[in-house]
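Report on the structure
Below, each chain spelled out in residue letters.
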Amino acid sequence: MIADAVTKALRQIDDLELIEDPSRRKVYESDGLTAFAQMPPLVALPNSLQALQAVLRVCHTHHVPMVARGAGTGLSGGATPLANGLLIGLAKFNRILEIDPIKMTARVEPGVTNLAISKAVASTGLFYAPDPSSQIACTIGGNVAENSGGVHCLKYGLTLHNVCALKVMLADGEVLSLGGTGLWEDGLDLLALLHGSEGLLGLVIEVTVALRPMPEAVTVLMAGFADTASAAHAVSAVIQAGVLPAGLEMMDRLAIQAAEDFVHAGYPLEAQALLLCELDGGADEIDALSCKVQAVLQAAGAQSLVEASDAEARARLWLGRKAAFPAVGRIAPDYYCMDGTIPKRFLADVLEKISSLSEQYDLRVANVFHAGDGNLHPLILYDANDTDQFQRGGRGSGCPFYLDLRKRRSDHGRARGGAGEEALDQGCSGRGGLAQFRRLKAAFDSEELLNPGKAIPTLNRCAEFGAMHVHQGAEKHPELPRF
C-alpha cells in the first residue's frame with residue numbers, strides 16, 4: 001500500500017486525476033502480458049507536465065516507487081504495476097505539437113498513437129516507418145520505452161533509428177533534452193540509451209520523430225511453403241540475393257490458420273509456413289525487383305506465390321499478419337509471447353527446436369515473427385486456470401531462448417526485458433554486465449524508484465516492490481510461485 005501522507009499530498013496536486021476506486025484500478029493491473037498482474041494501490045493520470053512533475057517530486061520525497069504506463073499494449077510486463085508503488089498513466093499527453101515537412105520531422109507527446117503520426121503527415125507525402133502490430137493503439141512513448149519495431153523494421157529500423165530527439169523527466173522531476181534535428185549533436189549519445197529502457201531511467205514526455213518520403217511503388221509477395229525449414233532458408237536466400245525488403249515476415253501453420261479464420265486474408269491453408277515479403281522503391285525498378293525475388297522464393301521451394309500490387313490487396317495480406325496475435329488469442333485462453341533475436345542462419349534449427357519443445361511439453365506453439373532480422377515471437381498457448389498447463393508453459397518458454405543464447409555469435413540481439421525475462425537477461429549479461437547496468441541506472445535514478453525489479457535485478461531497499469508480481473490465476477492456484 002501507499003502511505004496516507006503520500007495519497008494526501010497527491011490529492012493536493014492540480015490537473016491530476018487520482019484513481020483510488022478498486023474497480024477502476026483493476027483496469028491497470030497488467031500490460032499485454034497478462035500472466036503477470038498486480039492491482040496498483042493508486043493510479044495517477046496527470047493532465048499537464050506541471051502535474052506530472054509534482055507527482056514525481058512527491059514520490060521522490062517519500063521514496064515511493066513508480067511505474068509509467070502508456071496504452072498498456074506491451075508484451076514484456078514492463079508496465080506491470082507494483083504492490084507498493086504508484087502507477088502513472090501518460091495517455092492523456094496525446095497532442096501532435098508540430099509537423100515540419102521541410103526537416104521531415106514531427107514533434108509529439110508520448111500519448112500519441114503510432115498510427116496517428118502517419119495519418120497526420122500523410123498529406124505531406126511523408127510517413128512514420130515503425131509500425132508495431134498494435135500501432136492503432138500503442139503510443140509513441142511506449143514505443144520508445146520498448147524500442148518497438150514492426151513489420152518494416154528490416155529496412156527502416158526500430159524506433160531508435162527513427163527518433164531525432166527526446167524530452168525525459170527523471171525521478172526527481174528534472175527534465176532532460178536529448179538529441180536534436182541537426183546533423184551533429186554535442187555530448188554523450190544518451191538518446192540511444194533511453195530506447196528500450198522500459199521506464200527504468202526516466203519518463204518520456206516529448207518525442208521528435210523522423211519522417212520518410214512515401215515510396216513511389218510498393219508490392220507484396222506471399223509465398224507458401226511445405227515446411228518451416230524451407231521458408232527459413234528462403235529468408236536467407238532473399239537477403240543473400242542482395243535484396244533488402246521493406247518487410248519479410250514468417251508465420252507457421254497454426255498462426256496461418258488462426259489469422260485466416262479471424263480476418264480472411266486469403267492465406268493458403270495448406271501451407272506449413274508462409275512468407276510475406278514487401279518490396280518498395282522507385283516505380284521503374286519495382287517490377288524487376290519483384291521478378292528477382294519471386295525467382296529466389298521459387299528456387300527455395302515455394303509451392304504457392306501471390307503478388308499484391310494494389311493498396312487494397314496489400315492491406316489485406318498485412319491485416320492477417322498484424323492480427324495474428326489476437327487471432328491466436330481466439331484459440332487458447334492464454335498465451336505467453338517470447339521475444340528474442342537470433343542470426344538468420346539459425347532460424348531453421350531454432351524453429352525445429354521450438355517444435356520439439358512443443359511436443360515435449362504438450363503445448364501448442366504458434367510462430368509469427370520478423371524473419372528478415374531474426375526476431376522470433378513464439379506464442380506458447382496454455383490455460384492459466386490449469387495448474388499443470390501453466391507450469392509446463394513456464395518451464396518450456398525459456399528453452400528456445402537459452403538455445404538462442406548458446407547459438408548466437410554476436411551480441412546484436414537479446415531477449416526482451418520487463419518482468420518476464422529477468423532470468424534471461426542475467427544469463428545473457430553475466431555479473432559484470434549487470435553491474436554496469438546498475439551503475440547506469442544509478443546515474444539517472446539514484447534512489448531506484450523507477451520500475452524497480454524490472455529487466456535487471458534491483459539490489460536496494462526497493463527490490464521488494466519489483467518482486468511482487470502476482471499471476472492472474474494465483475488465487476485459484478495458491479501453490480504456484482509468486483513472480
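Figured I'd write up the structure that's included with this text. Since this is a predicted model, take the numbers as computed values, not measurements.

What counts, and at which threshold
- Counting restarts for each chain: residues are numbered from 1 in the order of the written sequence.
- Confidence filtering applies because this is a predicted model: local features only for residues at pLDDT of at least 70, side-chain atom pairs given and counted only at 80 or more, and all residues used for totals across whole chains, interfaces and linings.
- Remark: hydrogens and water are excluded; side-chain values derive from all non-hydrogen atoms of the structure.
- Between N-to-C directions, angles cover 0 to 180 degrees, with each direction set by a line fitted to C-alpha atoms, over the stretch in contact for helices.
- Elements are defined by DSSP. Helices are runs of H or I of four residues or more, strands are runs of E of two residues or more, and each kind is numbered from the N terminus.
- Should an angle lie under 35 degrees it is considered roughly parallel, over 145 roughly antiparallel, and from 65 to 115 roughly perpendicular; all remaining angles are considered oblique.
- For a crossing to be left-handed, the near helix must be turned anticlockwise from the far one by less than a right angle; the clockwise case is right-handed.
- What makes two residues a contact is simply this: any of their non-hydrogen atoms within 4.5 Å.
- Gly is placed with the polar residues, together with every amino acid not listed as nonpolar (Ala, Val, Leu, Ile, Met, Phe, Trp, Tyr, Cys and Pro) or charged (Asp, Glu, Lys and Arg).
- Paired strands, in this sense, are two strands between which DSSP finds at least two bridges.

**Describing the packing of helix 8 (residues 228-240) against helix 13 (residues 347-361)**
Between helix 8 and helix 13, whose axes approach to 8 Å, the crossing angle comes to 155 degrees. Viewed along their axes, helix 8 and helix 13 adopt a mutual orientation that is roughly antiparallel. Two packed elements cross with a definite hand, and for helix 8 against helix 13 that hand is right-handed. Counting all contacts with helix 8, which are made through Thr228, Ala229, Ala232, His233 and Val235, the residues of helix 13 involved are Leu347, Ala348 and Leu351. Looking at the contact of helix 8 with helix 13 residue by residue, the classes come out as 6 nonpolar, 2 polar and no charged.

**Quick word on the packing of helix 8 against helix 10 (residues 286-299)**
Following both chains from N to C, one finds helix 8 and helix 10 inclined at 145 degrees, their axes separated by 9 Å at the closest point. Judged by the twist between their axes, the crossing of helix 8 over helix 10 is right-handed. Here Ala234, Ala237 and Val238 of helix 8 come into contact with helix 10, specifically with Val293, Val296 and Leu297.

**Description of the sheet that holds strand 8 (residues 163-169)**
Spatially, 5 strands are ordered 5-6-10-8-9 in an open sheet, and the strand pairing comes out antiparallel. In this open sheet, the two edge strands, each paired with only one partner strand, are strand 5 (96-100) and strand 9 (175-179). Strand after strand, the sheet turns through a mean of 10 degrees between neighbouring axes, direction not considered. Relative to strand 6 (residues 105-108), strand 5 is paired through 4 bridges, and the arrangement is antiparallel.

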